[in-house]
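# Coordinate inspection notes
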Amino acid sequence: MAMNKHRLIFVAALGAAVLLAGCATPPPPDPNAEVPHCYKTNKGRVIACTSAAVPSLNADAEAKRFVPDRDALTVYVVRRNWGDGRYFVKVYPDGGPGIDTLPDTLVRFKFKPGTHSVAFEFEGKRQSTTVEGQAGDIRFVRIDGTVWAWKSTYEWVAEPEAATRERALKARLVADV
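Everything numeric here is computed off the predicted structure, so don't read it as measured data. (Residues numbered from 1 in each chain as written. Predicted model: local features only at pLDDT ≥ 70, side-chain atom pairs only at ≥ 80, totals over all residues. Heavy atoms only, no water.)

Moving on: the packing of aromatic side chains. A complete count under the given rule lists nine aromatic pairs for this structure. Relative to Trp148, the ring of Trp82 lies with its centre 6.3 Å away and its plane at 75 degrees, an arrangement referred to as edge-to-face. With a gap of 66 residues between them, Trp82 in the loop between strand S3 (73–79) and strand S4 (89–93) and Trp148 in the loop between strand S9 (138–147) and strand S10 (152–157) connect regions that are remote in the sequence. According to the relative accessible area criterion, Trp82 is exposed, its value standing at 72%. Their ring planes at 65 degrees and their centres at 5.1 Å tell us that Phe120 and Trp156 sit as a pair that is edge-to-face. Taken together, the residues Phe120 in strand S7 (residues 114–122) and Trp156 in strand S10 connect sequence positions 36 residues apart. Of the two residues examined, Phe120 and Trp156, each falls in the buried class. Site record: aromatic cluster; members linked through ring pairs are Phe66, Tyr76 and Phe140. (Phe/Tyr/Trp six-rings, centres within 6.5 Å; stacked < 30°, edge-to-face > 60°. Helix = DSSP H or I, 4+ residues; strand = E, 2+ residues; numbered from the N terminus. Buried < 20%, exposed > 50% of the residue type's maximum accessible area, 1.4 Å probe, protein only.)

If you want it as C-alpha cells, here you go:
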C-alpha cells in the first residue's frame, strides 16, 4: 500500500510539472509585429537592441526571397561575420540618413537605376562603396567587422555573391528603405 501511495504522488507531481512547463513556455512572436531587434549571444544574453522598430518577421522573410523589383535596383547590405561585436554601425544610402545595424543584420535599399554610394561609419571613420545596376537588378555588399579587446575594425569586403546571399539568409532585416 505504501508503494502505491508513493507511485500516486510521483505521477501527480510529474503531471503537475508537465502542465506548469507548458505554462512557462513563452508564446511565439507575432510575425506582423514591428518591434526593436536585439542582438544576443549564442547563450541568449541580450547585448544590444535597436532604438527603433525593425520590419516584421513576415517582411524579413519576404525580403530574403530576393525577388527583383522591376522598377528598382535592390541592394542588400549584409553585416554578418563570426568576429563582429556589439557595436552599432551606421549605414548611409547616397549620403542620406544613417541606419543603425548590429551584428547579424541586413538592410535592403531600393534605388533608382544607376550608380549609388553606400557608406558606413564606425568610430568617426566613414568608408563607402559604389553599387551600380539597372531596374530589376539585385546587388549584395557586406560589412566585415572584427572586434578584439585591443582593436575593432570594420571594412567592406568583396566575396562571391552566393556567399553574401547565404549570409543574408541568416541575418535579420533591420531596415527596408
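Following the structure, the description resumes.
Moving on to the state of the cysteines. Summed over all chains, the structure comprises one disulfide. Bridging Cys38 to Cys49, the disulfide has an S-S length of 1.9 Å. Judged by the sign of its S-S torsion, about 105 degrees, the cystine formed by Cys38 and Cys49 is right-handed. In this pair, Cys38 is assigned in strand S1 (residues 38–40) and Cys49 in strand S2 (residues 46–49), connecting sequence segments eleven residues apart. The exposure class of Cys38 is partly exposed, given its relative accessible area of 26%. (Disulfide = S-S within 2.5 Å.)

With mixed pairing, the five strands of this open sheet are ordered in space as S10-S9-S3-S6-S11. Of all the strands in the sheet, the pair left with one neighbour each is S10 and strand S11 (172–176). Across this sheet, the average inter-strand angle for adjacent strands is 20 degrees, counted without regard to direction. Pairing analysis gives six bridges linking S9 to S10, with the strands arranged antiparallel. Each bridged residue has a counterpart across the sheet, and for Thr146 the counterpart in S10 is Thr153. Most of the contacts of helix H3 (residues 161–169) go to S9, to which it runs at about 70 degrees, and overall it touches S3, strand S6 (105–111) and S9. (Pairing = 2+ DSSP bridges. Axes fitted to C-alpha atoms, helices over the stretch in contact; angles between N-to-C directions. Contact = heavy atoms within 4.5 Å.)

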